[in-house]
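A structural walkthrough
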Amino acid sequence: MRSLELLAPAKNLECGIAAIDHGADAVYIGAEHFGARQAAGNSVDDIAQLCSYAHQFGAKIYVTVNTIIYEQELNDTQRLIDQLAQIHVDGILIQDMGLIDICNRAGVAIHASTQCDTRTAEKVNWLYSLGFKRVVLARELSAEEINKIHKHNPDVELEVFVHGALCVSYSGVCYASQHCFKRSANRGECAQFCRLKFDLKDSDGKVIERQRHLLSLKDMCQIDNLETLAEAGACSFKIEGRLKNVTYVKNVVSAYSQRLDQIVKKHPDRYCRASEGTIEYRFEPNLKKTFNRGFTDYFINGRKPNIASFDTPKALGEYVGRVKELRHTSFNVAGTATFANGDGLCFINDEHELEGFRVNRAVGNRLYPLRMPNHLRPGLALYRNNDMAFEKQLAGNTAVRKLAVNMYFSLTDEGFSLTVISGRKKGQASVVFAHQLAKKPQRDNIIKQLSKLGNTPYICDEIKIEEDADRYFLPSSILSDLRREAIDNLLVERAVKDTVTDNLQENKKFCNLVWQPEYKDYPYLYNISNHDAKLFYENQGMSQIGNAFELDAYQNNPLIMQCRHCIRYSLGYCVKRGGEVPSWHEPLRLELSDGRRFRLEFKCSECQMNVYAEN
């Protein structure tokens, strides 16, 4: 039996609670500092509240401390990790190897962030030997590659991304934002270089593509591949989106949670959910109606040509039909979609540009925009990126999560006792009250009063009454007090994290394996930014240690991206895979409108595209 964990993002406490309510088994959230999303920080007090709320359902809270840490920040980072350990977070995601000892001393489990750029079984084994309980794998891996990693070391928990925005570079080794804008992706400040427009030119200056978003990828969606990923060995299914709002969290978490439930129901002897509770959904989730750039399942089943969105880096939304006929102030749509006043619609015009507009009035399939778009014409595909009716629905109470409890009502020498059990936790209460024989049977009233669980997270599954306990009179008010006290005690018990002792240094058989040997030509790829990280690699046996890219000025045409996405392949010119023979002369270069150029290296032996900045 393997547990499957749906891991949801939380921008803040509200999003975290919504994620739990809608079916998440775990939530990852950023603290005030040192998370890889600078704009999504939260106080320790808020994270503590989220821990208490999540733990009552057996759900877990992981905190991202996954930036590289500068020397002057080490003391503050240690203080933060100590505070997180004290509020019983279930794990901390880190990238900086200088934090391993700090986390060990605090006694908190460590997860290797996606920023660690983990692509192979050898690196997973190395991380495991260092005490990492879980490894977040690179998004670019296929199901087959994940399975090979799992078979090589089945003891390591493997976390995989299943939904949301995609970085075009392997995470943790992208320096484009730092190089161009002095905003480090390894510090949570990514300026989204990959969403910009580029000209693609060959070595003769011939323009192959003009002003296209050649590095901008669609969004990942693996909802139809969850069972494949589970079979490959993944145990945690991660939704991207720590900058997204609560409606995104509600919709996406609900869709994936229901799909995981179907998998568990299909294989009840093989899989179970990682947390407890049943959920009553009050809406129908629809992934197409939430922010997306168009969906791709990326490399899960091998390389495909349609993973990028060259026309726009913005949200397209769901396809709703084609423009049929235009009038002066309105047009109609051929399709079956229904529209509402205020809907946001968009289309790709003949210049490969995204144009958007808002519907001022909808009369059936005839739409009256606030202003008629300039380039709208019959036949264009139309998309809805803001569905007013759906957003209104999501703004309400959309899910209720409950835990089943069993109750045991019994006599004591001096009165009555109630024990409430949920899973492995229980709450108890007793009252001193004389045993007075009742004039009429009390059983129905006892069940009625004890089962009134109201706004608590519990629903009564069974009430057992000790023999003869229902023969005695007990006022309804005292029964209610007994129930409230027992439930309050159960809430306290369930909010306490189960104590699991992790020996973070118990697996040593892969020690002294330095990763990655190919990095010797680019020492900044180890992201060493403090003396603790430097000492770590010295202890690992590394002889030539360089500073992080952010600390040194690497001016000699540095490698700034490593991508599995290949522009040559996406354009249909990968001869290795049956594409056309290109007429251009390599190397190819990407060029920004300000003249800055970036050389492309097609490393076909590894099926990888590297991007180098040019001076």
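Residues numbered from 1 in each chain as written. Predicted model: local features only at pLDDT ≥ 70, side-chain atom pairs only at ≥ 80, totals over all residues. Heavy atoms only, no water.

The geometry of helix 11 (residues 443–450) relative to helix 12 (residues 476–495) is characterised by a closest axis approach of 9 Å and an angle of 45 degrees between their N-to-C directions. By the angle between their axes, helix 11 is oblique relative to helix 12. As for how helix 11 packs across helix 12, the hand of that crossing is right-handed. Two secondary-structure elements touch here, helix 11 through Asn445, Ile446, Gln449 and Leu450 and helix 12 through Ser476, Leu479, Ser480 and Arg483. When the residues that make up the contact of helix 11 with helix 12 are grouped by side-chain class, the tally is three nonpolar, four polar and one charged. (Axes fitted to C-alpha atoms, helices over the stretch in contact; angles between N-to-C directions. Helix = DSSP H or I, 4+ residues; strand = E, 2+ residues; numbered from the N terminus. Parallel < 35°, antiparallel > 145°, perpendicular 65-115°, else oblique. Left-handed = near helix turned anticlockwise from the far one by under 90°. Contact = heavy atoms within 4.5 Å. Nonpolar A, V, L, I, M, F, W, Y, C, P; charged D, E, K, R; others polar.)

Interaxial distance between helix 1 (residues 13–21) and helix 2 (residues 44–55) falls to 10 Å at its minimum, and their mutual angle equals 10 degrees. Looking at the two axes, helix 1 sits roughly parallel to helix 2. Contacts between helix 1 and helix 2 involve Leu13, Gly16, Ile17, Ile20 and Asp21 on the former and, on the latter, Asp46, Gln49, Leu50, Tyr53 and Ala54. Taken together, the residues of the contact of helix 1 with helix 2 break down into six nonpolar, two polar and two charged.

Below, the discussion takes up the sheet that holds strand 18 (residues 354–363). Pairing within the closed barrel is antiparallel, and its six strands lie in the order 15-16-19-18-17-20. Averaged over all pairs of adjacent strands, the angle between their axes in this sheet comes to 50 degrees, without regard to strand direction. Pairing analysis gives four bridges linking strand 15 (residues 318–326) to strand 16 (residues 331–334), with the strands arranged antiparallel. Of the residues in strand 16, the one forming a bridge with Arg322 is Ala334. (Pairing = 2+ DSSP bridges.)

What follows is about the pairing of strand 27 (residues 597–603). Of the two faces of strand 27, the one lined by Phe598, Leu600 and Phe602 is fully buried and the one lined by Arg597, Arg599, Glu601 and Lys603 carries no buried residue. One ladder, built from three bridges, connects strand 26 (residues 589–591) with strand 27; its direction is antiparallel. When the bridges of strand 27 are listed, Glu591 appears paired with Arg597. Of the pairings in the sheet, the one linking strand 27 to strand 28 (residues 608–613) comprises six bridges and is antiparallel in character. Paired with Lys603 across the bridge in strand 28 is Gln608. In sequence, strand 27 turns back onto strand 28 through a hairpin of four residues, with Cys607 there showing a positive phi of about 50 degrees. (Buried < 20%, exposed > 50% of the residue type's maximum accessible area, 1.4 Å probe, protein only.)

Looking now at the packing of aromatic side chains. The full count for this structure, using the stated rule, is 18 aromatic pairs. For the ring pair Tyr319 and Tyr383, a centre distance of 5.9 Å and an interplane angle of 70 degrees mean the geometry is edge-to-face. Of this pair, Tyr319 sits in strand 15 while Tyr383 sits in strand 20 (residues 381–386), and the two are 64 residues apart along the sequence. Under the relative-accessibility criterion, Tyr319 is labelled partly exposed at 46%. Classification of Tyr383 as partly exposed rests on a relative accessible area of 21%. Considering the side-chain rings of Phe536 and Tyr537, the 4.9 Å spacing of their centres and the 85 degrees angle between planes classify their relative orientation as edge-to-face. Taking relative accessible area as the criterion, Phe536 reaches 11% and is therefore assigned buried. (Phe/Tyr/Trp six-rings, centres within 6.5 Å; stacked < 30°, edge-to-face > 60°.)

Honestly, that's just the spatial picture; any functional story needs more than this.
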